[in-house]
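Structural overview
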Amino acid sequence: MSILCLAIFLALCCSVDKVVNSGGPHMSTVMFSRLARAPGRLKLILQHVAMVSTSAESIPHQKVEVNGVNINYAMVGTGDHPVLLMPGALGSAMTDFAPQLEKLDREKLTVVGWDPRGYGKSRPPDRQFGINFFHQDAADAAALMQKIGFDKFSLAGWSDGAITAIILAGTYPQLVRKMVIWGGNAYVTEEDFGMYEATRDISNWSERMRAPMINMYGEEYFRKTWEGWIDGIMQFLHQRKGDICKTEAGQVTCPTFILHGVKDPMVPGFHPDYLHKHIKGSRRHDFPDGKHNIHLRYADEFNKLMEDFLMES
């Protein structure tokens, strides 16, 4: 999940009345409540999707071969503490992390943003969603950082990127100094999946919702990749009883900071509760009025919290 996933909930909200009045697919009361509240919450993120900041776009990108794929990344800062920004579904360094690439302290940190294989500018190849796609991203991220000269680094993961970060930290503990995660989940529920499935057909989205991703990917690739993501998540329900990274969460040994928007319409509080309980020694900070995009909506506060955590001894 990422900026795209926030956008789809507004698309859903626009069609809630039509679905209910036409006797269409059943929605639980909780799901309906979340969707009905979403438009006001998502206005800011939709503006961000449509207009990635000019200053962030000016940050130079380069590509390096990682595990047989040319991976696109951006790097800013000269600090001795490297941190890798991990984007969400169909996300990229520029779409998901402009305020962090622009504003994190470049004297204390070296900030790397990347586009996972099949996303953003890391194409070809087309994105694939086999049962181990999160693990592939984790392996790619670890190899990328080593390839560009960082043997040990910290992680900052949003949404799907939080899942990837957990898997990386649990699988390659020797590489990870610290981890900051938000908007992620170690497992998926039937209710979670029901909301995703309701968005499968992008032709039912409003033009306003489709346009940013079509501009980035083209309609055919966007449609195929979004459907692939939904099918990819469905695998965890059918093959792993919803488990995405429970095992890896229990294997994390690095200091971990979990942030959460209490009013997140996509990630209920039981998801960060689970992570806080099962990632040993983790700490947590809640944004009482925050939604899914706390690092964008509260960028300055968020950045300071992350910097303070990363730099403390």
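Residues numbered from 1 in each chain as written. Predicted model: local features only at pLDDT ≥ 70, side-chain atom pairs only at ≥ 80, totals over all residues. Heavy atoms only, no water.

1. Things to note about the nonpolar core
Ranked by internal contacts, the top residues of the largest apolar core, which has 63 residues, are Leu155, Leu168, Met179, Ile181, Trp229, Ile233 and Leu275. Per element, the largest residue contribution to this core is 8 residues, and it comes from helix H9 (residues 219-240). Within the second largest apolar cluster, 25 residues are counted, among which are Val76, Met94, Phe97 and Met306. (Core = buried A, V, L, I, M, F, W, Y, C linked by side-chain atoms within 4.5 Å. Buried < 20%, exposed > 50% of the residue type's maximum accessible area, 1.4 Å probe, protein only. Helix = DSSP H or I, 4+ residues; strand = E, 2+ residues; numbered from the N terminus.)

2. A word on the packing of helix H7 (residues 190-197) against H9
Relative orientation of the contacting elements H7 and H9 amounts to 160 degrees, with a least axis distance of 10 Å. Here H9 runs roughly antiparallel to H7, going by the angle between their axes. The chirality of how H7 crosses H9 is left-handed. Together, Glu190, Phe193, Tyr196 and Glu197 of H7 and Trp229, Ile230, Ile233, Met234 and Leu237 of H9 make up the contact between the two elements. Tallied by class, residues from the contact of H7 with H9 come to 7 nonpolar, no polar and 2 charged. (Axes fitted to C-alpha atoms, helices over the stretch in contact; angles between N-to-C directions. Parallel < 35°, antiparallel > 145°, perpendicular 65-115°, else oblique. Left-handed = near helix turned anticlockwise from the far one by under 90°. Contact = heavy atoms within 4.5 Å. Nonpolar A, V, L, I, M, F, W, Y, C, P; charged D, E, K, R; others polar.)

3. Looking at unusual backbone geometry
A cis geometry characterises the amide bond from Arg123 onward to Pro124, with omega recorded as -5 degrees. As for its position among the elements, Pro124 is in the loop between strand S4 (109-115) and helix H5 (133-147). Cis rather than trans, the peptide bond between Pro124 and Pro125 has omega equal to 10 degrees. Tracing the backbone through its elements, the reader meets Pro125 in the loop between S4 and H5. At Ser159, a residue that is not glycine, the phi angle is positive and equals roughly 60 degrees. The topology assignment puts Ser159 in the loop between strand S5 (153-158) and helix H6 (160-171). Owing to a relative accessible area of 0%, Ser159 belongs among the buried residues under this scheme. In this model, Lys241 sits at a positive phi of 55 degrees, which is unusual for a non-glycine residue. As for its position among the elements, Lys241 is in the loop between H9 and helix H10 (246-251).

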